[in-house]
Amino acid sequence: MKLTVKPLDNIGVEIQGFDITRPLQEAERKQLIALWHRYGVLVFRNQDITPENQIAFSRHFGPLALHPLKATRSEAYPELFEIESGGDKDKSMTAIYKGETIVGRLDWHIDLHYTGKPNHGAVLTAVEVAGEGGLTGFGDLAKAYDALDDKTRELIARLEVSYAFSMQRRHMRYVDLDGYEPGPHSPKKPADVKFPDFPESVYPMVMTHPVTGMKVLGIVEQFLDRVITPYKAGLSNDESIELLERLVAHTRDPQFHYFHQWQPGDMVLWDNWRAMHCATGTPPGVRRRINRTTIEGDVQLGRVLLEE
């Protein structure tokens, strides 16, 4: 296979010349891994995707992690995490945004960020494409870091930030709550959806990518809680809050974003150590199914804050 790249909107590339049904040679595997780390988000179109070849493809990038909740795994293929809307599971995923009822909307986040050890990446494939809505957004936090001014870079290099897991979006400090109302069945605590409680996790505001060495802005809005010991960098508590507000607004700049409009045969691979992602959600009753495989993270990027 001769692989070529086509730039996407703002970030990432589409890989052309790839066929998931053909065996991947070692040189091609190394090329794909290099492209994954170079661009952060890779899109493949018009693929004949099966659970078997998605799993096999994903393993080229590292060992696969199983989702901790057995209820979300495919019984036949435990490596697959099934993301579904338009069915019985919609109740707990429904909320109102500026008067519009939406199922499955997710704010910008990094997977497993609340554990201190995010997975390295993931692959999403389209099983059933939504007739309305259902976009997946990706944001390049390395590009966001590069766009900061020198003074801000110098300041945040000395700071750490904490993330606190929460089921109630209205309690998240830095997401956009304008016009938001929780749905009547929104979970109120992790146990409501069979999640465990998680302690806070702490990350440097400037992360270093374990493979590429590039600098990555360690700020995502979901679960973002506070700056750790801001006084050590000469900041008051109020100044640290204003800094986080400014950095979150910076990550929302569209120049760092790509939103994927799903089509049959689409597959997306992203680097979770570099790119945040979000979901726009769908109207109630709209069917959407996405299969996901998760590439295990073997590096501790943050730490769990227990009794510090």
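Refer to the structure above for everything that follows.
Figured I'd write up the structure that's included with this text. (Residues numbered from 1 in each chain as written. Predicted model: local features only at pLDDT ≥ 70, side-chain atom pairs only at ≥ 80, totals over all residues. Heavy atoms only, no water.)

### What to know about the packing of aromatic side chains
One pass over the full model with this rule turns up 14 aromatic pairs. Seen in terms of ring centroids, Phe44 and Phe57 are 5.5 Å apart; in terms of plane orientation they differ by 80°. Their pairing is edge-to-face. With Phe44 in strand E3 (residues 41-44) and Phe57 in helix H2 (residues 51-58), the pair connects residues that are 13 residues apart, well separated along the chain. Like Phe57, Phe44 is buried. Aromatic ring contacts, followed pair by pair, group Phe18, Trp36, Phe44, Phe57 and Phe61 into a single cluster. Its end group placed over the ring of Tyr97, Arg105 keeps NZ or CZ at 4.4 Å from the ring centre. It is Arg153 that lies over the ring of Tyr145; its NZ or CZ is 5.1 Å from the centre. (Phe/Tyr/Trp six-rings, centres within 6.5 Å; stacked < 30°, edge-to-face > 60°. Helix = DSSP H or I, 4+ residues; strand = E, 2+ residues; numbered from the N terminus. Buried < 20%, exposed > 50% of the residue type's maximum accessible area, 1.4 Å probe, protein only. Lys NZ or Arg CZ within 6 Å of the ring centre and 35° of its normal.)

### Some points on the side chain of Thr282
Here Thr282 is to be found in the loop between strand E19 (275-279) and strand E20 (288-295). In this view, Thr282 contacts Ser85, Thr101, Ile102, Val103, Ala130, Glu132, Gly133, Gly134 and Arg288; residues no more than four positions away in its chain are not counted. (Contact = heavy atoms within 4.5 Å.)

### Observations regarding empty space enclosed by the protein
On inspection of all chains with the given rule, the structure shows one cavity of 30 Å³ or more. Approximately 40 Å³ is the volume attributed to the largest cavity. In this structure, the largest cavity is lined by Glu128, Val129, Ala130, Gly133, Gly134, Gln261, Trp262, Arg288 and Ile290. By residue class, the composition of the lining of the largest cavity is four nonpolar, three polar and two charged. (1 Å grid on protein atoms, 1.4 Å probe; cavity = no way out; pocket = protein on both sides within 12 Å on 5 of 7 lines; lining within 4 Å. Points joined across faces, edges and corners; volume = space filled by probe spheres on them. Nonpolar A, V, L, I, M, F, W, Y, C, P; charged D, E, K, R; others polar.)

### Details of the pairing of strand E6 (residues 94-97)
Alternating residues of E6 divide into Thr94 and Ile96 and Ala95 and Tyr97, and every residue in both groups is buried. In terms of strand pairing, E6 meets strand E7 (residues 100-103) through four bridges, oriented antiparallel. Counted as the bridge partner of Ile96 is Thr101 from E7. Counting the residues that bridge the hairpin from E6 to E7 gives two residues, and of these Lys98 lies at a positive phi of roughly 50°. Across three bridges, the pairing between E6 and strand E12 (residues 180-182) is antiparallel. When the sheet's bridge partners are listed, Ile96 is paired in E12 with Glu181. (Pairing = 2+ DSSP bridges.)

### Comments concerning the layout of surface pockets
The volume enclosed by the second largest pocket comes to roughly 430 Å³. In terms of lining residues, the second largest pocket is bounded by 18 residues, among which Arg105, Asp107, Arg169, Asp176 and Glu221 are the most central. Those elements that place two or more of their residues in the lining of the second largest pocket are E7, strand E8 (106-109), strand E17 (257-260) and E19. Top element by residues in the lining of the second largest pocket is E8. It accounts for three residues. Partitioning the lining of the second largest pocket into residue classes produces seven nonpolar, two polar and nine charged.

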